[in-house]
Amino acid sequence: MESFFDLFDPSSSSGSNSDSDLRNGNDDDSIERIRTLDDPICQLLHRSDDSNNDLVLKGIDFNRGFLPPEPQLGNIEYKLKLINPSKQRFEHLVTQMKWRLREGNGEAIYEIGVSDSGHLHGLNDADMTVSLHTLNQMARKLDASTSILRRKSLPDHRSVVEVLVRKIPDDQHNIEVRVAVLGGADAGKSTLLGVLTQGEFDNGRGLARLNMFRHMHEIQTGRTSCISHETLGFDAEGSVINYKYNEMMTAEEISDRSTKLVTFMDLAGHRRYLKTTVQALSGYCPHHALIVIAAGNISNMTREHLAIIHALDISFSIIVTKIDLAPPEPILFELKNLLTSIGYRKVPYLISNQDDVLNANAHQSVEQIVPIFCVSNVAGTGLDLLIQYLYVLSPGISNAEKERLEQQPIEFQIDEIFRVSEVGTVAGGLLCKGVLTENSQVKVGPLQDGSFFSVTVQTIHRNKAPCRVVRAGQSASLSFNTIELMPALRSGMVILPDYESNDVACGCFFFQAQVSVLFHATRIFKGFQTTVHIGSIRQTAVIEGIMGAGDTGIGTNQSASVLFRFMRHPEYVRPGMRILFREGTSKGIGKVTQVFPLKETTLSSTG
């Protein structure tokens, strides 16, 4: 996504004076004009040194009146004016809006007063009023809503307006964004989510986090040990809908009243629970991640979380908390050095006003900007900017891709198992593909012998509320027909369609993957044991062979095709799945290229 306020991009040179740079305002003076650098925090984030010379902040100079050309793909549309279109032209504009909404999974951004080439013409007040009225008529034709994000004044009493158009898909109650919240122990993750979802500031002693905990030992120690889910809703105007909305508010009512729903996953920060945190990131596939850091220093666990997020290619933002106890300047300078290092090559972007919020969101798809928020859960400083950011945050997947996934056979990855009285076994997880409804006949597995067993889905719950259907990309909890005798479920199992007898799903012990080693102190050889994460699967595996490596093995920054074998029980793995493996500080990523189903290996060995 591109926006016309404070555009940032990485550049290979820091002092270019070419015509294109001058046109786009990429000279040093334009940076001064775009951002006010009087603030010491801004000076820290924008300071240039030899270590990150090639990362330059680029700005748009409105006095020159240029923007990047209109993107052909994505959900951003430039319109010079929308004044009295003919009937045929109006229908074309509506079709165009529908396509942009599909690209943005129900959200589109319109820049009014801007030509396709990116020139900022602007409109006078009368023309802008008529253009906005036409835009509203287009949106109403699609049952969409509009809200003005910001207005930029130009010379000669002209202005440019940025408008958010939002349409909730017909088969959904709202637009949902899954956000994982990570960070080291005592960073304030649970407290931050408690403040956001409960609508009450913390008392400085952790009162706000109590509603996030699920176990007594979490309350006693103040440390999260498992995955906790909470929601934050927004109406069409951007107003917050949380438990403080009214006295009797429930999670189901928050979901029903919201046009946009942010689902938080509060993840553990202690190293003891790192395997649970990685499994949640790999299994639930969050759209975005918030890295919470307490003002003071960046812990080793936080660095570990950043490395995992980067390896899984998840977009992220950083929240610096407890700024009422310690000044944020030292940690902001440390973050700048870390994020601009060779391993990340990101551009840190301090959020200080509403324009910064919209700029950061516009660059989320570029995956180079890392928004940084400084907040206090006690005083409430910076929370309004964080809430505004969550309101405009996009899921990052197009509606076309979502529809493609929905048309495929169901694949539900089980991440958590519960036992509920009078209900029985409940499985929580993510539906990766397909559409799952109540009373569906499905198969769950694999069991120890690699087989699957048939079962009926009885009820479905999403966001703590009952529903009849769950679609690809949505997390849910499923209960099953209690009449059927079910084997014990475990995390890592999958739910698949109830295939015909000639097409039976089967687990595997052996699989092959093309992997890249991100870091290893020495070399990796045959026989190396590591914890493998594939979706919701988390199991120890041993390397049975490294193709083409000979006796030298593979080391940091090297790639190879590797044959893995699960140690304990078979898993359902298919080609194309992303794999992450770790052992201590060693890390590697890759994709599954081939699987060897247990039934086939058994037949070949007996034959």
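Residues numbered from 1 in each chain as written. Predicted model: local features only at pLDDT ≥ 70, side-chain atom pairs only at ≥ 80, totals over all residues. Heavy atoms only, no water.

A. A look at the environment of P71. Along the chain, P71 turns up in the loop between α3 (40-46) and β1 (76-79). A sequence separation of 47 residues divides P71 from G118, and the C-alpha atoms of the two residues are 9.8 Å apart. Excluding its chain neighbours within four sequence positions, the residues that come into contact with P71 are I76 and R100. (Helix = DSSP H or I, 4+ residues; strand = E, 2+ residues; numbered from the N terminus. Contact = heavy atoms within 4.5 Å.)

B. Region of the structure containing the pairing of strand β21 (residues 494-497). With 2 bridges connecting them, strand β13 (residues 411-420) and β21 associate as antiparallel partners. Its bridge partner being in β21, Q413 is matched across the sheet by V494. The pairing of strand β16 (residues 441-445) with β21 spans 4 bridges and is classified as antiparallel. Paired with V444 across the two strands is I495, which belongs to β21. (Pairing = 2+ DSSP bridges.)

C. Representation of the packing of aromatic side chains in the model. Applying the stated criterion across every chain, the model contains 6 aromatic pairs. A centroid spacing of 5.5 Å and a plane angle of 55° characterise the contact between F234 and Y391, whose relative ring orientation is tilted. On the criterion of sequence distance, the pair formed by F234 in strand β6 (residues 228-234) and Y391 in helix α13 (residues 383-392) is long-range, its members being 157 residues apart. The interplanar angle of 50° and the centroid separation of 5.2 Å between the aromatic rings of F373 and Y389 together place this pair among those described as tilted. Here Y389 lies in helix α13 and F373 lies in strand β12 (residues 369-374), a separation of 16 residues in the sequence. The same class applies to F373 and to Y389, which are both buried. In textbook terms, an aromatic cluster arises when at least three aromatic residues are bridged by ring pairs, as seen for F511, F564, F566 and F581. (Phe/Tyr/Trp six-rings, centres within 6.5 Å; stacked < 30°, edge-to-face > 60°. Buried < 20%, exposed > 50% of the residue type's maximum accessible area, 1.4 Å probe, protein only.)

D. Here's a closer look at the side chain of E411. Note on placement: E411 falls in strand β13. By relative accessible area, E411 is classed as buried at 1%. Those residues in contact with E411, other than ones at most four positions away along the chain, are L430, L431, C432, K433, I495, L496, Y572, R574 and M577.

E. Summary view of the sheet that holds strand β2 (residues 107-112). The strand order across the open sheet formed by 4 strands is β1-β2-β4-β3, and the pairing between neighbours is mixed. On the outer flanks of this sheet lie β1 and β3 (145-154), each paired with one strand and no other. The sheet shows a mean angle of 20° between the axes of neighbouring strands, taken without regard to direction. Sheet topology places β2 next to strand β4 (residues 158-166); 6 bridges connect them, and they run antiparallel. The residue bridging I112 from the neighbouring strand is V161, located in β4. Against the sheet, helix α5 (residues 125-141) contacts β2, β3 and β4, and its axis sits at roughly 10° relative to β4. (Axes fitted to C-alpha atoms, helices over the stretch in contact; angles between N-to-C directions.)

F. Representation of α5 in the model. Under the 1.5 Å per step criterion, the end-to-end length of α5 is 24 Å for 17 residues, consistent within 8% with the ideal 24 Å. Of the residues making up α5, those classed as buried are M128, S131, L132, T134, L135, M138 and A139. Mapping the buried residues of α5 onto a view down its axis gives an arc of 160°, with all of them on the same face. Exposed residues pointing more than 90 degrees away from the buried face of α5 are listed as A126, T129 and R140. Where α5 is buried, its residues touch α4 (87-103), β2, β3 and β4. Where α5 ends, the next residue or the one after it, D143, has phi of about 60°, a positive value. (Expected span 1.5 Å × (residues − 1). Arc of directions from axis to C-beta.)

G. Broad picture of the pattern of salt bridges. For the structure shown, the criterion picks out 15 salt bridges. In this structure, E91 engages K141 in a salt bridge whose closest nitrogen and oxygen atoms are separated by 3.7 Å. Here E91, found in helix α4, pairs with K141, found in helix α5; they are 50 residues apart in sequence, far enough to count as distant. Residue classification places E91 among the partly exposed residues on the basis of a relative accessible area of 33%. In this structure K141 comes out as partly exposed when scored by relative accessible area, which is 48%. The closest approach of N and O atoms between E334 and R303, which form a salt bridge, is 2.8 Å. (Salt bridge = Lys/Arg side-chain N within 4 Å of Asp/Glu carboxyl O.)

H. Molecular detail of the packing of helix α9 (residues 274-284) against helix α10 (residues 300-311). In contact at an axis separation of 11 Å, α9 and α10 are set at 25° when each is read in the N-to-C sense. Classified by the angle their axes make, α9 and α10 are roughly parallel. Judged by the twist between their axes, the crossing of α9 over α10 is right-handed. Two secondary-structure elements touch here, α9 through L274, T277, V278 and L281 and α10 through M301, E304, H305, I308 and I309. (Parallel < 35°, antiparallel > 145°, perpendicular 65-115°, else oblique. Left-handed = near helix turned anticlockwise from the far one by under 90°.)

I. View of the packing of α4 against α5. Orientation of α4 relative to α5, taken along the N-to-C sense of each, is 65°, at an axis distance of 9 Å. In this view, α4 runs roughly perpendicular relative to α5, as classed from their interaxial angle. Like other packed secondary-structure pairs, α4 and α5 cross with a definite hand, here right-handed. Together, F90, E91, L93, V94 and M97 of α4 and T134, L135, Q137, M138, A139 and K141 of α5 make up the contact between the two elements. Each residue belonging to the contact of α4 with α5 can be placed in one class, and the counts come to 7 nonpolar, 2 polar and 2 charged. (Nonpolar A, V, L, I, M, F, W, Y, C, P; charged D, E, K, R; others polar.)

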